[in-house]
Amino acid sequence: MLQTARRRQVAAAYALMAPALALVLGVLAYPLGWEIWISLTSFSSRGDGGAAFVGLASYARLLRDAEFWRALATTVAYFAVTTAVKLVLGVGMALLLARPSRGRALVFLAVFLPWAYPGGVTVVAWYWMLNPPLITGYSVFMGNLKHAVDGVFGTGAYAFLSVALFNIWRGGSFTAIFLLAGLNAIPTELFEYARLETASAWQRLREVTLPLLRPYMALAVFLSFTTAFADLGNVWMLTGGRVVFPVIGTHAYWLAVKSGQFAEAAAWTLSLVPLLAVALVFLFRWFDPHEEKAA
Amino acid sequence: MSPRRRRLGHAALLVLVAVYSLFPIYFITIQSLKTPQEDVFGNPLYVADPTFENYTELFAGGEAKVRGYVIVPRVPFLLWLVNSALVLLASLALTLVTGVLAAYALGRLRPPGWRAWRRILFASYVIPHTILFIPLYQVIVRLGLDDNHAALVLIYSTMALPFCVWILSAYYRHLPREIEESALVEGATPATAFLRIVLPMSRNVLIAAGLFTVGTVGSDFMLASIFLLDPDKQTVAAGLGVMDVSLEELVAVAGVNLAAIPVVIACAAFARGYVRGLTAAMLEGA
């Protein structure tokens, strides 16, 4: 009796999960499979059109390609820089917004906007601020700034900076709101107790608040990870298509669309998989531990 | 530090954060209100003589306008707005309905292997859709959805779904059993108990999932301009994206700004629910 009830419950569960799984698998399974298959062939619009199976040749070439390592380093740097800044800003803004004060509701909305505002216009906004068209009143100033930055850090530094700034601005807003929600989820008694037990606000932050926020920070880092590693559009737009510092995404796009080297492009894209897998393992360890808490 | 100075410092920080958050939006809106003359000679930080030319231009009829030596194409902007709203609402509906069903199954009914399923669904979040657009296009063509809004709806939903299922199922998982049980004892079916009791309770989490979907849809312009080519079917993002000069053209900014107004209003209305929903999903360690 109980068993049939459970069996029916399980059947119902699968039926309810079916639409979501069908949607995700239906849209993504084939593209992933295609990408993997193509990366193992010599498919390219430059060849005679045929796609011969070449095994891991594309990957072998990738590992010997200095361009690849440079793009990978740029991608990792992009992720590391933006994520670190977003976390610091996010924690700061979340703590600021968690404290009751006048005008907090309005500032809260302001912090919410960079993420909620359509990315299409804000990316243009940053582009206009940092790389203005030739004819505006501040073009000369920004041009000088760009050359100063590039002069100190090397060509492409300014472009890197503008992409990073946009990512930080938009993603930092998401991180802040997310961590604010995390702060609210921590029982206030813990903070009250911490106030009695710790000597300074700084010690409280380091020894109580940050450890309690850690799982939420892990999820925020993960979400930031995917935006950085899969970023193509923003890098493309903010550098006006003149990609002076290719990340993996833009280079793969370049290979596929501009020069038709589909196999190569697929190998570039899939080179991100090991990194993403490692990120997932860490995320699940921190955020979705196996031992069940006593509810 | 005296309490007064501390309060002042706090207020100053709040102002700083607000300015930092709003400045780019303010800045580009200012630029979009300038006449060409002021664009060149004016101060970049404010507008002395605002004109709505860029905005009205969007709604002007006709094929094209000649400005100096440049031919400015006219665009069916109203149509684009309608299309954007359709795509957004359909993506929301699809994401939330499939998401709630799956989350309820994963968090409440817990079939064997539910943890793995939940993780698999969430893991699909890392798949970079923009980079996969070539095979994605093949799928869309095979489904007969080429140049169709449904293509974008499907893709946007798969992008937003992992996170939505994650937070919704976390919430359902930690709801006490008793909440439904009393209804079941009264003779309600599980479906009614869910619709009448559990679903309304998860209102804020639904808002969080919904706004996340809005943010996901709103940030895309790449996929939209790849999958919608017919000007009459395009969304604002797609249409302005293929104007090709979008970065140099303030009409495009005006367009997205207009499209942003309802989104911003919705966000302002639901922002509090968004945070509450995320908090509710995070309680007890998500």
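Predicted, not measured: the structure shown is a model, and the values here were computed from it. (Residues numbered from 1 in each chain as written. Chains lettered and ligands numbered in written order. Predicted model: local features only at pLDDT ≥ 70, side-chain atom pairs only at ≥ 80, totals over all residues.)

1. Focus: the overall build of chain A
A count of helices and strands for chain A gives 13 helices and 0 strands. For chain A, the sequential pattern of α-helices and β-strands runs α-α-α-α-α-α-α-α-α-α-α-α-α. Considering only contacts in chain A between residues 6 or more positions apart, those separated by 24 or more positions represent 71%. (Helix = DSSP H or I, 4+ residues; strand = E, 2+ residues; numbered from the N terminus. Contact = placed C-beta atoms within 7 Å.)

2. Digging into the overall build of chain B
Each helix and strand counted, chain B has 13 helices and 2 strands in total. When the backbone C-alpha atoms are referred to their principal axes, chain B occupies close to 75 × 70 × 35 Å. When burial is assessed residue by residue, chain B has 47% of its 286 residues classed as buried. (Buried ≥ 20, exposed ≤ 12 C-beta atoms within 10 Å, placed from the backbone.)

3. Quick word on the domain arrangement of chain B
All names here are of chain B. What the domain assignment reports for chain B is domain 1 (3–73) and domain 2 (77–285). Listing elements by their share of the side of domain 1 that touches domain 2, those giving two or more residues are α1 (3–32) and α3 (53–59). No other element matches α3, which puts 5 residues into the side of domain 1 that touches domain 2. For the side of domain 1 that touches domain 2, the class distribution of residues is 4 nonpolar, 4 polar and 1 charged. (Domains from an automatic or database assignment. Nonpolar A, V, L, I, M, F, W, Y, C, P; charged D, E, K, R; others polar.)

4. Remarks on unusual backbone geometry
Residues and elements named next belong to chain B. Its identity is not glycine, yet R110 carries a phi of approximately 45°, on the positive side. Look at D147: it is not a glycine, yet its phi comes out positive at around 60°. Mapped onto the elements, D147 comes out in the loop between α6 (133–142) and α7 (149–174). Overall, the presence of 14 C-beta atoms within 10 Å leaves D147 in the partly exposed class.

5. Focus: the packing of helix α3 (residues 66–98) of chain A against helix α9 (residues 201–229) of chain A
Residues and elements named next belong to chain A. Between α3 and α9, the shortest axis-to-axis distance is 9 Å and the interhelical angle comes to 140°. Compared by their axis directions, α3 and α9 come out oblique. Of the two possible hands of crossing, α3 and α9 adopt the one that is right-handed. Between α3 and α9, the contacting residues are T75, Y78, F79, T82, T83, K86, L87, G90 and V91 on the first element and L213, M217, A220, V221, S224, F225, A228 and F229 on the second. Of the residues belonging to the contact of α3 with α9, the class tally is 11 nonpolar, 5 polar and 1 charged. (Axes fitted to C-alpha atoms, helices over the stretch in contact; angles between N-to-C directions. Parallel < 35°, antiparallel > 145°, perpendicular 65-115°, else oblique. Left-handed = near helix turned anticlockwise from the far one by under 90°.)

6. With respect to the environment of A260 of chain B
All names here are of chain B. Considering the arrangement of structural elements, one finds A260 in helix α13 (residues 250–282). By C-beta crowding, A260 is classed as buried, having 22 other C-beta atoms within 10 Å. For the pair A260 and G218, spaced 42 residues apart in sequence, the C-alpha separation works out to 8.9 Å.

7. Section: the nonpolar core
Soluble globular proteins: nonpolar side chains tend toward being buried together. One finds V111 and L179 of chain A together with L152, V165, I167, L168 and A208 of chain B to be the most contacted residues of the largest nonpolar core, which totals 168 residues. Here this core gathers at least three residues from each of two domains, domain 1 (3–73) and domain 2 (77–285) of chain B. Setting aside chain neighbours within four positions, we find I167 of chain B in contact with V205, A208, A209, L278 and A281 of chain B. (Core = buried A, V, L, I, M, F, W, Y, C linked by C-beta atoms within 7 Å.)

8. Some details on the interface of chain B and chain A
Put simply, an interface is often sized by how much accessible area is lost when its parts join up. Contacts between the two partners involve 81 residues from chain B, matched on the other side by 80 residues from chain A. For the side of chain B that touches chain A, the leading source of residues is α13 of chain B, giving 15 residues. When the residues that make up the side of chain B that touches chain A are grouped by side-chain class, the tally is 57 nonpolar, 20 polar and 4 charged.

9. Some points on the packing of helix α5 (residues 119–130) of chain A against helix α7 (residues 157–185) of chain A
All names here are of chain A. Where α5 contacts α7, the axes come no closer than 10 Å and their chain directions differ by 135°. What the angle tells us is that α5 and α7 run oblique. Crossing angle aside, the handedness with which α5 passes α7 is right-handed. Listed contacts from α7 to G119, T122, V123, W126 and L130 of α5 are S162, L165, F166 and R170. Taken together, the residues of the contact of α5 with α7 break down into 5 nonpolar, 3 polar and 1 charged.

10. Points about α7 of chain B
All names here are of chain B. Counted at 1.5 Å a residue, the expected span for α7 with its 26 residues is 38 Å, and the 37 Å between its end C-alpha atoms agrees. In the structure, α7 departs most strongly from a straight axis at L161, where the bend amounts to approximately 40° and where the proline P162 lies between one and four residues downstream. Where burial is concerned, most of α7 is hidden: 22 out of the 26 residues are buried. (Expected span 1.5 Å × (residues − 1). Bend = angle between axes of the 7 residues up to and from the residue.)

11. Digging into the confidence of the model for chain A
Detailed conclusions should not be drawn from predicted coordinates in areas where pLDDT is low. Taken over all residues, the pLDDT of chain A has a mean of 83, while the share at 70 or more is 91%. Model confidence for chain A, summarised as mean pLDDT per element, is weakest for helix α10 (residues 233–238) of chain A at 68 and strongest for α3 of chain A at 91. (pLDDT = per-residue confidence, 0-100.)

12. Some points on the confidence of the model for chain B
Residues and elements named next belong to chain B. The predicted model of chain B has a mean per-residue pLDDT of 84, with 91% of residues at 70 or higher. Contacts from residues 243–247, a stretch scored under 50 in pLDDT, to residues over four places away or in other chains number 10 contacts. Confidence metrics for the complex model read pTM 0.89 and ipTM 0.87.

13. Points about the environment of G249 of chain A
Residue and element names in this part refer to chain A. Along the chain, G249 falls in helix α11 (residues 248–258). The exposure class assigned to G249 is buried, which follows from the 26 C-beta atoms found within 10 Å. Sequence separation between G249 and L272 is 23 residues, and the spatial gap between their C-alpha atoms is 9.3 Å.

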